[in-house]
Amino acid sequence: MNKAKGILLDADSVTGKENESIIRLYVKGEKGIEIFEERSFKPYFYVIVEDVRKAKKELMEREFEGKEEKIRILNAEEVKKKNAENVLKLSFNSTNELSEVREQVKEVEGVKERREYDIIFVKRYLIDKALEPMNYVEISYRKEGKKKVVEKIQKGKKEAGEEFKTEAIDLETFSLERFSDPRKDAILMISIASPKESLVVTTKKELKGRKGVKIVGNEKEMIEELKENIKEEGIEILVTYNGDTFDLPYLKERSRIMKTRFDIGIDGSEPQIRRKGLSNATRIKGIQHFDAYQLIRILSRFGIIDLVKYDLESVVEALYGEKKEKIKAEEITKIWESGKGLEKLVEYNREDSVFTLKIAMDYLPLFIELSKLVKQTLFEVNRIGASGLVESLLIDKGFEEDTLVPNKPNETEVKNRMMKTFKGGYVKEPTPGLHEEIAVLDFRSLHPSIMISHNVSPETLNCECCSKSKKNIAPTKDYFCSKKSGFLPSVQKELLERRKEIKKESKKLERKSEKYKLLDARQHALKIILNSFYGYLGYPRSRWYSIESAKAVTAWSRHYIRETIRKSEEDGFKAIYSDTDSCFIVIPKEKTAKNVNEFIKKVNAELPGEMELELEGIYKRGIFVTKKIGGAAAKKRYALIDGEGNLKIVGFEYVRRDWAVVAKETQKRVIELVLKEGKPEKAIEEVKEKIKRLREGKTPKKELVIYTQIKKPLSQYESIGPHVSAARKAIKKGKNLGIGSIIGYIVTKSGKSISDKAELEEFVKEGNYDADYYIEHQLVPAVIKIIQELGYGKEDLIHGGKQATLNAFK
DNA sequence: TAATTCGCTAGACCGA
DNA sequence: TCGGTCTAGCGAA
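Residues numbered from 1 in each chain as written. Chains lettered and ligands numbered in written order. Predicted model: local features only at pLDDT ≥ 70, side-chain atom pairs only at ≥ 80, totals over all residues. Heavy atoms only, no water.

(A) Local environment of the environment of Pro406. Relative to the helices and strands, Pro406 resides in the loop between α11 (386-400) and α12 (411-419). With 277 residues separating them in the primary sequence, Pro406 and Lys129 have C-alpha atoms 21 Å apart. Setting aside residues no more than four positions away along its own chain, Pro406 makes contact with Arg115, Arg543 and Trp544. (Helix = DSSP H or I, 4+ residues; strand = E, 2+ residues; numbered from the N terminus. Contact = heavy atoms within 4.5 Å.)

(B) Highlighting helix α19 (residues 681-695). Helix length check: α19, at 15 residues, gives a terminal C-alpha distance of 21 Å against a target of 21 Å (1.5 Å per residue), a fit within 8%. Residues of α19 that are buried: Ala683, Ile684, Val687, Ile691 and Leu694. The buried residues of α19 occupy an angular sector of 100° when projected down its axis, which confines them to one face. Buried-residue contacts for α19 involve α18 (661-677), α22 (771-788) and α23 (794-798). Positive backbone phi, at 75°, marks Gly697, one or two positions downstream of α19. (Expected span 1.5 Å × (residues − 1). Buried < 20%, exposed > 50% of the residue type's maximum accessible area, 1.4 Å probe, protein only. Arc of directions from axis to C-beta.)

(C) Representation of the pairing of strand β6 (residues 84-91). The pairing of strand β4 (residues 44-49) with β6 spans five bridges and is antiparallel. Residue pairing across strands places Ile48 opposite Val87, the latter belonging to β6. Both strand β5 (residues 75-81) and β6 contribute to a ladder of six bridges, which runs antiparallel. Within β6, the residue paired with Glu77 across the bridge is Lys89. Hairpin connection from β5 to β6: two residues lie between these consecutive antiparallel strands. (Pairing = 2+ DSSP bridges.)

(D) Main features of the pairing of β4. The buried count for β4 comes to six of six residues, which makes it a mostly enclosed element. Alternating residues of β4 divide into Tyr44, Tyr46 and Ile48 and Phe45, Val47 and Val49, and every residue in both groups is buried. In this structure, β4 lies alongside strand β7 (residues 111-115), joined through four bridges in antiparallel fashion. For Val47, the partnering residue across the bridge sits in β7 and is Arg114.

(E) View of the sheet that holds strand β14 (residues 237-240). Spatial strand order, β13-β12-β11-β10-β14-β17: six strands in an open sheet with mixed pairing. Either end of the sheet is taken by a strand with one partner, and the two such strands are β13 (213-215) and β17 (288-291). For this sheet the average axis-to-axis angle between neighbouring strands, irrespective of direction, equals 25°. Across three bridges, the pairing between strand β12 (residues 198-202) and β13 is parallel. The residue bridging Thr202 from the neighbouring strand is Ile215, located in β13. The strands touched by helix α5 (residues 247-257) are β10 (166-173), β11 (187-193), β14 and β17; relative to β10, the strand with the most contacts, the crossing angle is about 65°. (Axes fitted to C-alpha atoms, helices over the stretch in contact; angles between N-to-C directions.)

(F) Expanded view of the protein's contact with DNA strand B. Near DNA strand B, the surroundings consist of 34 residues, among which Ser387, Gly424, Ser755, Tyr773 and His777 are the closest. The sugar-phosphate backbone supplies 85% of the atoms of DNA strand B found within 4 Å of the protein. One nitrogen or oxygen atom from the side chain of Lys627 is found 3.3 Å from a phosphate oxygen belonging to DNA strand B. Lys635 has a polar side-chain atom sitting 3.0 Å from a phosphate oxygen of DNA strand B. Among the elements of the structure, α11, α21 (754-757) and α22 are those that each provide at least two residues to the surface near DNA strand B. A total of four residues in the surface near DNA strand B trace back to one element, the largest contributor, which is α22. In the surface near DNA strand B, the residues fall into 11 nonpolar, 11 polar and 12 charged. (Near = heavy atom within 4 Å. Polar contact = N/O pair within 3.5 Å; in protein donor to acceptor, adjacent residues only side chain to side chain. Nonpolar A, V, L, I, M, F, W, Y, C, P; charged D, E, K, R; others polar.)

Right under this line is the structure:
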């Protein structure tokens, strides 16, 4: 018997000689990545039956229809599950046979329900064996020829924290049109960046001798060079920027054309392109393909980063403040053909992979932790959503607790669920105007803490055992069990406890230490998942959907925040605003921050379980404004300034990407001057100056761009907005734009409607903009509501005008 | 393939 | 040409 220990990087399944499904594990050991085969684990699913013995006999004797041969169930075994009776576990020779039978088994007499029939085989294996990707495994194996066959496997005792061999790549390609076509356009350069060094591989002899450049004879050798590099370096994580749809499929297709194979998979396979809706996911077997573009999209969705555009240049600038010049496709071709500027192109190519690697390295720890937590490969979590995370974790915990997992809803059910909506958080209309000494209180992890404290879960909802002695009643009148812990809240509780411990431990560490970074990534991963539970309850495709539970959560949230507001006023504070989990109170002259803390303490003493009110901060001044229409105060828009002069701007145009920089920056300046000094005269002067500059045609183009995303097929728009119009015009000029594209447009001088005037930024000459539009529709609206609160009006901006008489501070 | 609701605003669209 | 209504996008939590 042989033993091996290593980190589990990947797993897949293949078909053996007897058409049986075999799990393959890719394990990083001392000798590099090795493949182990698991032959004893069989695909299975469950059925709930009327009579175990009868059903078992019937199922075992039955011949099911297969594509070629008849199918027999390998084994039907009775299993005990805590949340179901009469459960049979049906095992199969292969996943294909399982797929065939899971349809036909519905017709078998005595079979009431099918369960867990759509869990991916590999995922099933990892759950059942309690194995975590990106963590250690210990294997006992035997050799069969060249193959290593698993006898026994278990999770390693040691926790992996080490670095993975990571490398980023990037291609430059030839293109006569706007987009390169791998069927005819060659790869010109490939850059490879590792944490230590970078290399650009190309065929241009002129670049010979340049540092960090390798010249090869032709394109085929270029690809060979990359392949060799990946193999020799033993790369475990290969990073790209949009390699899912561009780099990897391109390399694969070019290889095919050159009669070679881009066989970088550990098993000798080429990257596999999986269609995923409108885009691709490209997987390399045994190596984790980490697409930094996918990463950025997920981080944006989870609200971890906030970006205007997702191209590498914008991301680098937003994350690192470094300006990275973009070389456009046609220029690349020009440089290549003329030979002028090749050095620049080399460095551009190099930078792309260097920055791609940097982005990935910053967030890899977080995603490695997510991967371990939900038992999905890094490749999968790199492309997952909030529901995927929760579902994956819950399926795993369900197995741990010996319960059957609920099925996914069918499409009819999904449609039904989509018709139902529920009430969300409470938003209090703010008191408009300027305020001083504002304390912002908020509930720490409001939704998870409600779920835990009130035991909210689909199976504790209106439980049988508490029907007489309901204690835990939601404001919706539904109640939750007071005797048994619910499944969802117990999982949440476990995550919360782990997070608390980690946070405690990391407090003792240096912020720059490796251990701190690891723990911080882990607590962050836990937080992301914790916060996704509530949304998952109300998500129509959820396996644990329970709209009553979701309703109860939000009803409780409204209850607690309203109570907090009430109590604060009772204590002599003035509550000026509140949104879902936060409450803004003005500290009156006779009170201090100490009183605020006492108040919080008092509230906390009355809150149940995990619920906790916290002091988010104390601000020197703040402003709320009235809405454009109706005269009421605007919710979800405010600005605060703290004692150090730090601004916090929320909801205003300043934080929105669909406003021009000239309007956003001016608005920020106005807010700053108003909040810092309380005197807006200077602000007004600055606005006038900006207006003057706009009138004179001197405002630079980059301050005028408005970004808006195309969110559906361009043909499906009922109302043709400026971004759609600009996109359509740009397509006629050969641009490739569509769903998901972020359109940066400028309102030019030519045209009738705003849409007519909108043109893609890159087609607009400096100075060609509609000054009236930018004054009337951008600058003025962005600042008017703020200065109005101080008694000024539009006439003060446009003309030299009268001065305001009102004093804003009363 | 896909977490939720609440809220603001712009600009097109459409009928008078 | 005006004003109300609807579509659309983005942000807060």
